[in-house]
Amino acid sequence: MVGLFSSCQSHIQRAGLAVGLAVVSIVGLEAEAPRTNRSSWSETAVEAYRTGNLDEAEKTLRAALSSHGTLEDGTTVVLRNQLARVLEDRARLDEAEQEYRRAIDINQRTAAPVELETASALNNLGAIEQARGHFMSAENLLKQAYSVIERNGDVASALSGSVLSNIGLNAQEQGRYEAAHEAYRQASVLIQRFDGEKSEDFAKLLKNEAILSLETGNVQDAIRMNKEALRLEDTLQFVRAGDKATTLNNLGLALSEIGRFSEAEAAYKQAMSLREENQPLLKCDLAKTLNNLAMLEKDTGRSDAARQHAMRALEMAESQDSRSEVTMASILNGLGLIALDQGR
């Protein structure tokens, strides 16, 4: 994470571009009734996922897999990839990883493997490793994903754009900004071509490019890109509250960097409200925004409010099953700085 305040490390929230749910394409099923039923389940899960009802999406996908019994075919692969994506969005990364790896294993053993499902799973595994801070492992998985895409002759595709964007984000996390910029450039061409500029993936790419701008000192570009992403998200039919909250969090960081504290505070509070209302179980991201708000309050002379928000952030970060040591260290460091301001 990049230190955006002179006093403490702040929390950028990466948008990522791990592939989301796609309506299942039914492969290799003989019975007409089960085929229709499984397709209907998947479509129901996709709708629930897009509207932020992750609990319903998970239940639906598990029911679909249960109905599938011991049969392992292309449909099983797609359903497990979809379930893994839901688990990933619920911050259950260990479970998500298991499902992605099961999907890859099943796909390798089927008579007619769906190669792009393997690429999708590898891409998302790379995103998980990235989130854990395991950048070399992430790079290896993302390169494998791109190799599968090349072997399948699908380099010119939306999935290829997603993998390239994640490659860029992984390079950016390691401070390899030139490589990140080039990967984003290639990803942008593909995403605009296949998904269009008015798409969720393009909004995510804008947010990641905004982070790159912020980390390389181009603050005005970061503000512009985050605002553009927000405008785009407002026009999309399906945008999860957490995605918009991420944009607002990152906009707040950019605004804070140039001293526009009242605007930054409004962005943080809007992000917090969206997360509290729509993603109460995903406490880690809320903890990051709370900590950012606490540092803003510290820097504007409100140490009592800063301590209150930092303590709440710490409580949330500690309650996560897969808590981030980087997040914990940043919050504890911030609390120490607040205590110094208070003369404790």
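Residues numbered from 1 in each chain as written. Predicted model: local features only at pLDDT ≥ 70, side-chain atom pairs only at ≥ 80, totals over all residues. Heavy atoms only, no water.

Explanation requested: the packing of helix α5 (residues 115-131) against helix α6 (residues 135-151) in the structure shown.
Helix packing for two helices is described by the angle between their axes and how far apart those axes are. At a closest axis distance of 8 Å, the pairing of α5 and α6 adopts a crossing angle of 165°. The pairing of α5 with α6 is recorded here as roughly antiparallel in orientation. For the pair α5 and α6, the sense of crossing is left-handed. Packed against α5, whose contacting residues are E115, L116, T118, A119, L122, N123, L125, G126, E129 and Q130, the element α6 presents F135, S137, A138, L141, L142, Q144, A145, V148, I149 and R151 at the interface. (Axes fitted to C-alpha atoms, helices over the stretch in contact; angles between N-to-C directions. Helix = DSSP H or I, 4+ residues; strand = E, 2+ residues; numbered from the N terminus. Parallel < 35°, antiparallel > 145°, perpendicular 65-115°, else oblique. Left-handed = near helix turned anticlockwise from the far one by under 90°. Contact = heavy atoms within 4.5 Å.)

How should I be thinking about α6 in this particular structure?
The α-helix advances 3.6 residues per turn, and as a result positions three or four apart in sequence lie on the same side. When the terminal C-alpha atoms of α6 are compared, their 24 Å separation across 17 residues agrees well with the 24 Å that a helix rising 1.5 Å per residue should span. Buried within α6 are the following residues: A138, E139, L141, L142, A145, Y146, V148 and I149. In this fold, the buried residues of α6 make contact with α5 and α7 (158-173). At the exit of α6 stands G153, carrying a positive phi of roughly 75°. (Expected span 1.5 Å × (residues − 1). Buried < 20%, exposed > 50% of the residue type's maximum accessible area, 1.4 Å probe, protein only.)

I keep staring at the packing of α7 against helix α9 (residues 200-215) and nothing clicks. Help me out?
Running from amino to carboxyl end, α7 crosses α9 at an angle of 20°, the nearest separation of the two axes being 11 Å. As the angle between them shows, α7 and α9 are arranged roughly parallel. As α7 packs across α9, the resulting crossing turns out to be left-handed. Across the interface between the two elements, S165, L169 and Q172 of α7 pack against L205, N208, I211, L212 and E215 of α9. Considering only residue class, the contact of α7 with α9 consists of four nonpolar, three polar and one charged. (Nonpolar A, V, L, I, M, F, W, Y, C, P; charged D, E, K, R; others polar.)

Remember, this is a structural readout, not a statement about activity or role.
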